[in-house]
Amino acid sequence: MVPVVIGLSLVLLFLSLPIFLVFGIGSSAVATQGLDLPWSTLIQIAFGAVTKQVLLAIPLFVFAGLVMLRSGVARRLVDFAMALVGHWPGGLGVAMVITMGFFAAFCGSILAAITAVGSIMMPQMLRKGYSAPFTVALAAAAGLLEALIPPSNAAIIYSALTGVPVSDTFAAGVFPGLTLLVILIIVVVIRCWHMERETRASLAHRLSTFREALPGLLTPVIILGGIYSGLLTPSETAAVASIWAIFLGFTVHRELTYKTLWQSLQGTAVTTAVIFSIIAMATFLSVVLTYTQAPQKLTTFFVEYGVTPIMFLFVVGVVCLILGTFIEIVPVFYLTVPVFMAVAVSLDIPLTHLYIVFTAFAGLGLLTPPVCVGLYTASSVINLSADRAFGSAMMFVAVGVGYAILMIFLPGLATWLPGVLR
């Protein structure tokens, strides 16, 4: 049954159907016709999947990020980053990476982060002589920071699938995310060493930009402080972050209007509908996997053939890399996590480490055609044809693969902080 689901889903995928229909049609056909399951069972399971309390945090974090995008927070973060590192080799590129890291700490949407920071930084980089393909590829690569640095929609969905506390998956992404940030900065500095450098900002200017950016910089403190102090659940923290974003927009920065607030609500609705439709339809595949006992059979296979944890994680990486080339990170999680989680538990691999390996490899799909949603989003910001950026993107794909392999061999980056905070 599982090969039938995969084959039918691939056919639908190549017919360019929306990904939620790829999941829904292929899996439901096998479940109802091959396994004789009633539609009522599938609908009940799908409803249960999208009504998990932990998933409520997703639209709230997306809303908070969109409000901050429209209230001037992103621009102030850019100014602060430029004041800190603008005089470095490739200073504008380094500032964009750092700002992406900042913005990732309070925005739940990769594409919102690329749009928010890219719309400010990318035109500046082009005016200063950075090549357009490199600029687009860098913005798309930096978008992966959003999938790692908490809060992250990927972490919330992984927790919903595995039962790992959201606080653990959030903590697991901190050091891997910072590691990727440093690697990207090094790449930019080396790549742009020959370019003209900006004038070093004065101490007074740095303090001024820090003061302007401080309300936005406090957002991660509010989010993570609420979770790790035990005072708030992730969903409650996301709600507080949304209220804080509205407060900053209307009261502190005074750049948010009722019109832009409504636009933020509309954007949140669209993003939420896309994610939750995928979640609902992906549960049909979970039903097929459960009834066919595919995870148990795969676990038996790996154990009987003496597969080591490192070998298994490489298999996971290759599968996620291939799938991430064709579909986005959320459906990749729903395709792979239910299958591989049981194997990881049998091999004593911490699920927080597995989360980082999944994210690192699957996230490369932001850059790899034909989907490369991150590359298309960044290209649209400056009206550049995405195919012109493919060459520069391959350099970052190579860097990303090296980073992902590093995450396989350094599990402590993912497991140390959750253990300490627990």
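Rules used in this analysis
- Residues numbered from 1 in each chain as written.
- Predicted model: local features only at pLDDT ≥ 70, side-chain atom pairs only at ≥ 80, totals over all residues.
- Heavy atoms only, no water.
- Helix = DSSP H or I, 4+ residues; strand = E, 2+ residues; numbered from the N terminus.
- Rg over C-alpha atoms; globule rule 2.2 N^0.38 Å.
- Buried < 20%, exposed > 50% of the residue type's maximum accessible area, 1.4 Å probe, protein only.
- Contact = heavy atoms within 4.5 Å.
- Areas by Shrake-Rupley, 256 points an atom, 1.4 Å probe, with all protein chains shown as cover.
- Lys, Arg positive; Asp, Glu negative; His and termini not counted.
- Charge placed at Lys NZ, Arg CZ, Asp CG, Glu CD.
- Arc of directions from axis to C-beta.
- Phe/Tyr/Trp six-rings, centres within 6.5 Å; stacked < 30°, edge-to-face > 60°.
- Lys NZ or Arg CZ within 6 Å of the ring centre and 35° of its normal.

Caption draft 1: Main features of the overall build of the chain. Within the chain, the regular secondary structure consists of 22 helices and zero strands. Rg of the C-alpha trace for the chain: 21 Å, near the compact-globule value of 22 Å for 422 residues, within the 12% margin. Considered along the principal axes of its C-alpha atoms, the chain spans approximately 70 × 45 × 45 Å. Residues classed as buried in the chain amount to 55% of the 422 residues present. Within the chain, contacts between residues separated by at least 24 positions form 79% of all contacts whose residues are at least 6 apart in sequence. Carbon and sulfur atoms make up 69% of the accessible area of the chain, which amounts to about 17,100 Å² in all. Within the chain, the 13 negative side-chain charges are centred at a point lying 12 Å from the centre of the 16 positive side-chain charges.

Caption draft 2: Seen up close, helix H22 (residues 412-421). If you check which residues of H22 are buried, you get Ala414, Leu417 and Pro418. An end-on view of H22 places all buried positions within 95 degrees of arc, on one side of the element. When the buried face of H22 is taken as reference, the exposed residues oriented beyond 90 degrees from it are Trp416 and Val420. Contacts from the buried residues of H22 go to helix H11 (166-172), helix H12 (174-191) and helix H19 (351-362).

Caption draft 3: The packing of aromatic side chains, seen in detail. For the structure on display, the rule yields 16 aromatic pairs. Ring centres 5.9 Å apart and planes at 65 degrees place the aromatic pair phenylalanine 314 and phenylalanine 409 in the edge-to-face group. One end of the pair, phenylalanine 314, is in helix H17 (residues 309-326); the other, phenylalanine 409, is in helix H21 (residues 390-409), and 95 residues separate them in sequence. On the basis of relative accessibility, which here comes to 31%, the residue phenylalanine 314 falls in the partly exposed class. Ring centres of phenylalanine 333 and tyrosine 355 lie 6.5 Å apart, and the angle between their planes is 85 degrees; this geometry places the pair in the edge-to-face category. Here phenylalanine 333 is found in helix H18 (residues 329-346), whereas its partner tyrosine 355 is found in helix H19, with 22 residues between them in sequence. Take tyrosine 355: its relative accessible area is 0%, and that puts it in the buried class. One aromatic cluster is present, formed by Tyr158, Phe312, Phe333, Phe340, Tyr355 and Phe358 through successive ring pairs. The ring of phenylalanine 134 carries arginine 191 above its face, with NZ or CZ at 4.7 Å from the centroid.

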